[in-house]
Amino acid sequence: MSMWWSLHLRREAASVPLARRFLLGTMETAGVDPDISYDLSVALSEACANAVEHGGRDDADGAAGHERSGHACGQYRVTAYLDGEKCRIEVADSGPGFPARRMLRPAAESAAGHPDQQPSAVRPPCDAPPARTAVHPPETAENGRGLCLIEELADHVHFGNRPGRGAVVSFDKILKWREGALLMVS
């Protein structure tokens, strides 16, 4: 058996724990191993926090994604698929998207910089542009670790831009099941 759900959320901080709790409830009900559920919930929280912070259009006054009242405007979408052997999560927003080189680098370049690390980004077909991985921020940085954390917690990760405008972060993880789980593959 497989299942999926999609949430359309407002770009407000309160939407992050809502998405996380929805995912955790789904995983618990389905019988997913708690450690796997936790990893996916942390990765989802990071992706949602990025969508809330960066996922809106700039207005005429230059305030990225905020109305004059100070409330976040716009939406983002979270979709999760559980298919018996893996869970795939996608978070899509309508912001400016990922920069070409400033925050992301090709996966091959990432592996070359750290020979003992294998890039966790999904390998694209030969004719596709190279997969991107997150650039690790300086140790003293106050933020900027979310994409790196997603890469560490998930088995496969893809950072990309939507046609037109917006960023998409998708990641998946092989599932482990508790005994007697509802969705476990037979």
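Just so it is clear, the model here is predicted, and its values are computed rather than measured.

**A closer look at the sheet that holds strand E2 (residues 75–82)**
Line of reasoning, step 1. The strand order across the open sheet built from 5 strands is E1-E2-E3-E7-E6, with neighbouring strands paired in antiparallel fashion. The open sheet has two free edges, formed respectively by strand E1 (3–10) and strand E6 (156–161), since each of these has just one partner strand. Pairs of neighbouring strands in the sheet enclose a mean axial angle of 10°, with direction left out of account.
Line of reasoning, step 2. The sheet contact formed by strand E3 (residues 86–92) and strand E7 (residues 167–174) spans 7 bridges and is antiparallel. Looking at E7, one finds that valine 91 is bridged to valine 169.
Line of reasoning, step 3. Sheet contacts for helix H2 (residues 34–54): E2, E3 and E7; angle to E7, the most-contacted strand, approximately 180°.

**Describing the pattern of salt bridges**
Line of reasoning, step 1. Counted according to the given criterion, the structure contains 4 salt bridges.
Line of reasoning, step 2. When the shortest N-O distance is used, the salt bridge between aspartate 39 and lysine 173 registers 3.6 Å. Taken as a pair, aspartate 39 in helix H2 and lysine 173 in strand E7 lie far apart in primary sequence, 134 residues in all.
Line of reasoning, step 3. A residue is classified by how much of its surface remains accessible, and aspartate 39, at 21% relative accessible area, is partly exposed.

**Re H2**
Line of reasoning, step 1. End to end, H2 covers 30 Å across 21 residues, agreeing with the expected 30 Å (1.5 Å per residue, within 8%).
Line of reasoning, step 2. For H2, the full list of buried residues reads Ile36, Ser37, Leu40, Ser41, Val42, Ala43, Leu44, Ser45, Ala47, Cys48, Ala51 and Val52.

**Considerations on the packing of helix H1 (residues 15–30) against H2**
Between two packed helices, the angle of one axis relative to the other and the distance separating the axes together describe the packing.
Line of reasoning, step 1. Running from N to C, H1 and H2 cross one another at 155°; their axes reach a closest spacing of 9 Å. The pairing of H1 with H2 is recorded here as roughly antiparallel in orientation. Considering the relative orientation of H1 and H2, their crossing is right-handed. Along its contact with H1, which presents Ser15, Val16, Ala19, Arg20, Leu23, Leu24 and Met27, the element H2 presents Ser37, Tyr38, Leu40, Ser41, Leu44, Ser45, Cys48, Ala49 and Val52.
Line of reasoning, step 2. Grouping the constituent residues of the contact of H1 with H2 by class yields 11 nonpolar, 4 polar and 1 charged.

Calculation notes
- Residues numbered from 1 in each chain as written.
- Predicted model: local features only at pLDDT ≥ 70, side-chain atom pairs only at ≥ 80, totals over all residues.
- Heavy atoms only, no water.
- Pairing = 2+ DSSP bridges.
- Helix = DSSP H or I, 4+ residues; strand = E, 2+ residues; numbered from the N terminus.
- Axes fitted to C-alpha atoms, helices over the stretch in contact; angles between N-to-C directions.
- Contact = heavy atoms within 4.5 Å.
- Salt bridge = Lys/Arg side-chain N within 4 Å of Asp/Glu carboxyl O.
- Buried < 20%, exposed > 50% of the residue type's maximum accessible area, 1.4 Å probe, protein only.
- Expected span 1.5 Å × (residues − 1).
- Parallel < 35°, antiparallel > 145°, perpendicular 65-115°, else oblique.
- Left-handed = near helix turned anticlockwise from the far one by under 90°.
- Nonpolar A, V, L, I, M, F, W, Y, C, P; charged D, E, K, R; others polar.

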